[in-house]
There are 2 protein chains.
Amino acid sequence: MNSILRSLENVRPADIERRSMEIIESEIGDTSALTPEQKLIVKRVIHTTADFDFLNIMRFSENATDIGLNALKNNAVIVTDTQMALSGISKPALNALGCEAVCFMSDPQIASIAKENGITRAAASMNYAADLYRERNVIFAIGNAPTALVSLYEIIRECNFLPSLIIGAPVGFVNVVQSKQLIMNSGVPFIITQGRKGGSGVAAAICNALLYMLYDRSSGRLFE
Amino acid sequence: MNSILRSLENVRPADIERRSMEIIESEIGDTSALTPEQKLIVKRVIHTTADFDFLNIMRFSENATDIGLNALKNNAVIVTDTQMALSGISKPALNALGCEAVCFMSDPQIASIAKENGITRAAASMNYAADLYRERNVIFAIGNAPTALVSLYEIIRECNFLPSLIIGAPVGFVNVVQSKQLIMNSGVPFIITQGRKGGSGVAAAICNALLYMLYDRSSGRLFE
């Protein structure tokens, strides 16, 4: 047991993330296809999952990171499809930028709309958010429900509504792969985890990677 | 695009999880080493991550699932190390069982204790919880901080405090592997994701897998 205790790296709490990122950098392999901003996002997702497969499956539309950053500089609202994703997004960073993050999944009104229409609560949430935030910069951060992405695709096609960015990282086995393909072909800026993998933690990590390009956690201020 | 839309499986919202579990069952391979309860837990983690690697890395101490289920039948408190894990644990199931889940990570008092002592907030949270819940059935569900597991190991060794169960699923690169080894050698009942992988979603999924063995989501009641 003492040998396990002795094998612990002596890293100060504040340095754990820096050390983790060094390890990820040393193991990640060839990232020459990524822009510096894309690489920061991929590395943060790997930091969240310890799964290097995300280097191979993350897809970015052209300028998606710049578009996302611009939205965050302009008081964007981030709409998530889970309370978990919502609670994983950095509130100090959002506050410093004058942004907010919301999730309507636990709203009783959404539950009854979903039930009445035989759709998922995620789909009902997307419709509600698209209606509510028509005049805002909206980033959708989807970490669970493929039906959220399918709904967004339909809303975008039918209602002439264009979110700033869709972070599409639902995880799972039913319609997940297809839902991401729809978004990649929708013309909307996207950051996607292609295939089955993703999750609420991944969606939050992508949001935080963008936020931390603008917000300096050590000083609690925005970068100049 | 229409071909992608046509390729969507037509599954009712309520049936998506059942269908996902069927797909997992058909792809998971040999699970003969697992008890039925262990298999339910592994399948729920794969459902949460789409990562079949968890079949190979999940470790259960003897009777850990029975011990966990017993604690949940006896008004256990689940202590998490992230708000994300907390928000992912089923509140209806907890309520029906008379259990609760808590997380002290955002408590300002914990932050100042951590700062004063040069320890992580996760470590300070574990000390606080061990003190507060000395007379309760406690399940620790750790999805992020290896320092939480190291602290628990030290608390158990020094203070004669025995949690009912430790769910050890921190994710990451610094001291994560070792922290799990400590718990596996501590004598405390454990459910562990060996190696680097894990996460808040995984910790919550393990809790929910246990809860759903006792709580019937379709009726909102406990199983007889």
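This text goes with the structure placed above it.
We now turn to the structure provided with this report. (Residues numbered from 1 in each chain as written. Chains lettered and ligands numbered in written order. Predicted model: local features only at pLDDT ≥ 70, side-chain atom pairs only at ≥ 80, totals over all residues. Heavy atoms only, no water.)

### Considering the interface of chain B and chain A
Each side of the interface is counted separately: chain B has 46 residues, and chain A has 46 residues. With both sides pooled, the region where chain B packs onto chain A buries about 3,700 Å², and carbon together with sulfur makes up 70% of that total. Where the side of chain B that touches chain A is concerned, the elements lending two or more residues are α1 (2-7), α2 (16-27), α3 (36-49), α6 (83-88), α10 (146-159), α11 (176-184) and α12 (200-214) of chain B. By residue number, the principal contributor to the side of chain B that touches chain A is α2(B), which donates six residues. Considered class by class, the residues forming the side of chain B that touches chain A number 21 nonpolar, 18 polar and seven charged. (Contact = heavy atoms within 4.5 Å. Buried area = accessible area lost by both parts, 1.4 Å probe. Helix = DSSP H or I, 4+ residues; strand = E, 2+ residues; numbered from the N terminus. Nonpolar A, V, L, I, M, F, W, Y, C, P; charged D, E, K, R; others polar.)

### Focus on the packing of helix α2 (residues 16-27) of chain A against helix α3 (residues 36-49) of chain A
Residues and elements named next belong to chain A. For the pair α2 and α3, interaxial distance at closest approach is 10 Å and the crossing angle is 105°. The pairing of α2 with α3 is recorded here as roughly perpendicular in orientation. Where α2 approaches α3, its residues Glu 17, Ser 20, Met 21, Ile 24 and Glu 25 are matched on the opposing element by Lys 39, Lys 43, Arg 44, Ile 46 and His 47. Here the contact of α2 with α3 is composed, by residue class, of three nonpolar, two polar and five charged. (Axes fitted to C-alpha atoms, helices over the stretch in contact; angles between N-to-C directions. Parallel < 35°, antiparallel > 145°, perpendicular 65-115°, else oblique.)

### Section: the pattern of salt bridges
Residues and elements named next belong to chain A. For the structure shown, the criterion picks out 24 salt bridges over all chains. Here Glu 9 makes a salt bridge to Arg 19, at a shortest N to O gap of 2.9 Å. Of this pair, Glu 9 sits in the loop between α1 (2-7) and α2 while Arg 19 is found in helix α2, placing the two residues ten residues apart along the sequence. The closest approach of N and O atoms between Glu 22 and Arg 18, which form a salt bridge, is 2.6 Å. Placement of the pair is Glu 22 and Arg 18 together in helix α2, with a separation of four residues, close to one helical turn. For Glu 22, a relative accessible area of 38% translates into the label partly exposed. (Salt bridge = Lys/Arg side-chain N within 4 Å of Asp/Glu carboxyl O. Buried < 20%, exposed > 50% of the residue type's maximum accessible area, 1.4 Å probe, protein only.)

### Concerning the sheet that holds strand β5 (residues 165-168) of chain B
Residues and elements named next belong to chain B. The mixed open sheet is built from six strands, whose spatial order is β1-β6-β5-β4-β2-β3. Every other strand in the sheet has two partners, leaving β1 (58-60) and β3 (100-103) as the edge strands with one partner each. Across the sheet, the mean angle from the axis of one strand to that of its neighbour is 15°, orientation sign disregarded. As judged from the three bridges shared by β5 and strand β6 (residues 190-193), these two strands associate in the parallel manner. Looking across to β6, one finds that Ile 167 is bridged to Ile 191. Its contacts with the sheet place α12 against β1, β2 (77-80), β4 (138-142), β5 and β6, and it is angled at close to 140° to β5. (Pairing = 2+ DSSP bridges.)

### Describing the sheet that holds strand β2 (residues 77-80) of chain A
All names here are of chain A. The strand order across the open sheet formed by six strands is β1-β6-β5-β4-β2-β3, and the pairing between neighbours is mixed. With one partner strand each, in any of the chains shown, β1 (58-60) and β3 (100-103) form the two edges of the open sheet. In this sheet, neighbouring strand axes are inclined to one another by 15° on average, regardless of whether the strands run parallel or antiparallel. With four bridges joining them, β2 and β3 adopt parallel strand pairing. Among the inter-strand pairings, Val 77 is bridged to a residue of β3, identified as Glu 100.

None of the figures reported here should be taken as evidence of function without further support.
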